[in-house]
Amino acid sequence: MLIALMFILAYLLGSIPSGLIVGKAAKGIDIREHGSGNLGATNAFRTLGIKAGSIVITTDILKGTLASALPFFMQLDIQPLLAGVAAVIGHSFPVFAKFKGGKAVATSGGVLLFYAPFLFITMIAAFFLFLYISKYVSLSSMLTGIYTFIYSIFTKDLFLIIVVAVLAGFVIYRHIANLKRILNKTEPKIKWL
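For the structure given in this document, a descriptive report is provided here. (Residues numbered from 1 in each chain as written. Predicted model: local features only at pLDDT ≥ 70, side-chain atom pairs only at ≥ 80, totals over all residues. Heavy atoms only, no water.)

Considerations on the environment of Phe 93
Okay, step 1: Tracing the sequence through the fold places Phe 93 in the loop between helix 5 (80-92) and helix 6 (105-115).
Okay, step 2: Sequence-wise, Phe 93 and Gly 53 are 40 residues apart; in three dimensions their C-alpha atoms are separated by 20 Å.
Okay, step 3: In this structure, Phe 93 is in contact with Tyr 11, Ser 15, Phe 99, Phe 170 and Arg 174, ignoring residues within four places of it in sequence. (Helix = DSSP H or I, 4+ residues; strand = E, 2+ residues; numbered from the N terminus. Contact = heavy atoms within 4.5 Å.)

Okay, structure coming up:
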């Protein structure tokens, strides 16, 4: 019973639509009606600006971290990555936003922040390296997923390898439309200051 409650709580944490909440609080807008129409951090940065986008990405990361910590807080003998995956599902298909959410990047990162902090740090570094080279947030997200999977293999932690493979595959799947736009040269690039 407690395990089921933990999964429900993890999903509900992930379902908190931070992009929607911050968009309405900061600018009085629904970010799903602007930019890419996505509730994730990238659209928040583009639509709401750096300050609001920073709040969204931080919240989205912490949703994954807190959900992964639920087994510890609830004193349950269950793999924390499983609770994290429930939060990622909630983020991508949030009950509080008609099941239309983000693309799972920041919340997946938050799961790894709890479970493998050093991996999280190298993942952030890899993301910014890919972003500096490509100028595409979506491509950088996909490449970071691949990097994270390769890194996880060297940990020899079978559970981590499997979960990272699932999360990286999901992130890539959620970015298929972006990949098509990159190939058609219609995907927006970021501009460095």
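Some points on the pattern of salt bridges
Okay, step 1: Under the defined criterion, the tally for this structure stands at three salt bridges.
Okay, step 2: When the shortest N-O distance is used, the salt bridge between Asp 30 and Arg 32 registers 2.8 Å.
Okay, step 3: Arg 32 gets classed as partly exposed once you look at its relative accessible area, which sits at 24%.
Okay, step 4: Across the salt bridge formed by Asp 60 and Lys 63, the nearest N and O atoms sit 3.3 Å from each other. (Salt bridge = Lys/Arg side-chain N within 4 Å of Asp/Glu carboxyl O. Buried < 20%, exposed > 50% of the residue type's maximum accessible area, 1.4 Å probe, protein only.)

Digging into the packing of aromatic side chains
Okay, step 1: Under the criterion given, the structure shown has four aromatic pairs.
Okay, step 2: Aromatic pair Tyr 147 and Tyr 151: ring centres 6.1 Å apart, planes at 55°, arrangement tilted. Separated by four residues within a single helix, Tyr 147 and Tyr 151 lie in helix 8 (residues 137-155), roughly one turn from each other.
Okay, step 3: Its relative accessible area of 22% is what places Tyr 151 among the partly exposed residues.
Okay, step 4: The ring of Phe 93 has Arg 174 lying over it, and the distance from NZ or CZ to the ring centre is 5.1 Å. (Phe/Tyr/Trp six-rings, centres within 6.5 Å; stacked < 30°, edge-to-face > 60°. Lys NZ or Arg CZ within 6 Å of the ring centre and 35° of its normal.)

Regarding the side chain of Asn 43
Okay, step 1: Looking at the secondary structure, you find Asn 43 in helix 3 (residues 41-48).
Okay, step 2: From its side chain, Asn 43 meets the backbone nitrogen of Ser 36 in a polar contact 3.1 Å long.
Okay, step 3: From its side chain, Asn 43 meets the backbone oxygen of Asn 38 in a polar contact 2.9 Å long.
Okay, step 4: Asn 43 has contacts with Ile 31, His 34, Gly 35, Ser 36, Gly 37, Asn 38 and Leu 48, leaving out every residue within four places of it along the chain. (Polar contact = N/O pair within 3.5 Å; in protein donor to acceptor, adjacent residues only side chain to side chain.)

Quick word on a nonpolar patch on the surface
Okay, step 1: On the surface, Leu 2, Leu 5, Ile 8, Leu 9, Leu 12, Ile 16, Ile 21, Ile 89, Phe 93, Val 95, Phe 96 and Phe 99 cluster together into a nonpolar patch covering about 1000 Å² of accessible area.
Okay, step 2: Here the nonpolar patch gets five residues from one element, more than from any other, and that element is helix 1 (residues 2-15).
Okay, step 3: Since its relative accessible area comes to 32%, Phe 93 is described here as partly exposed. (Patch = residues over 30% accessible without salt bridge, like charges linked within 9 Å, V, L, I, M, F, W, Y side chains within 5 Å. Areas by Shrake-Rupley, 256 points an atom, 1.4 Å probe, with all protein chains shown as cover.)

Details of the side chain of Lys 63
Okay, step 1: Looking at the element boundaries, Lys 63 is found in helix 4 (residues 50-73).
Okay, step 2: The class for Lys 63 is buried, based on a relative accessible area of 6%.
Okay, step 3: A polar side-chain atom of Lys 63 sits 2.8 Å from the main-chain carbonyl oxygen of Ile 16.
Okay, step 4: When residues no more than four places from it in sequence are discounted, the contact partners of Lys 63 are Leu 13, Gly 14, Ile 16, Ser 18, Ala 87, His 91 and Thr 107.

Examining the packing of helix 1 against helix 5
Okay, step 1: Running from amino to carboxyl end, helix 1 crosses helix 5 at an angle of 40°, the nearest separation of the two axes being 6 Å. Accordingly, the angle class assigned to the pair helix 1 and helix 5 is oblique. Like other packed secondary-structure pairs, helix 1 and helix 5 cross with a definite hand, here right-handed. On the side of helix 1, the interface is formed by Met 6, Phe 7, Ala 10, Tyr 11, Gly 14 and Ser 15, while helix 5 contributes Leu 82, Ala 83, Ala 86, Ala 87, Ile 89, Gly 90 and His 91.
Okay, step 2: For the contact of helix 1 with helix 5, the residue count by class is nine nonpolar, four polar and no charged. (Axes fitted to C-alpha atoms, helices over the stretch in contact; angles between N-to-C directions. Parallel < 35°, antiparallel > 145°, perpendicular 65-115°, else oblique. Left-handed = near helix turned anticlockwise from the far one by under 90°. Nonpolar A, V, L, I, M, F, W, Y, C, P; charged D, E, K, R; others polar.)

Interpretation in functional terms is not warranted from these geometric data alone.
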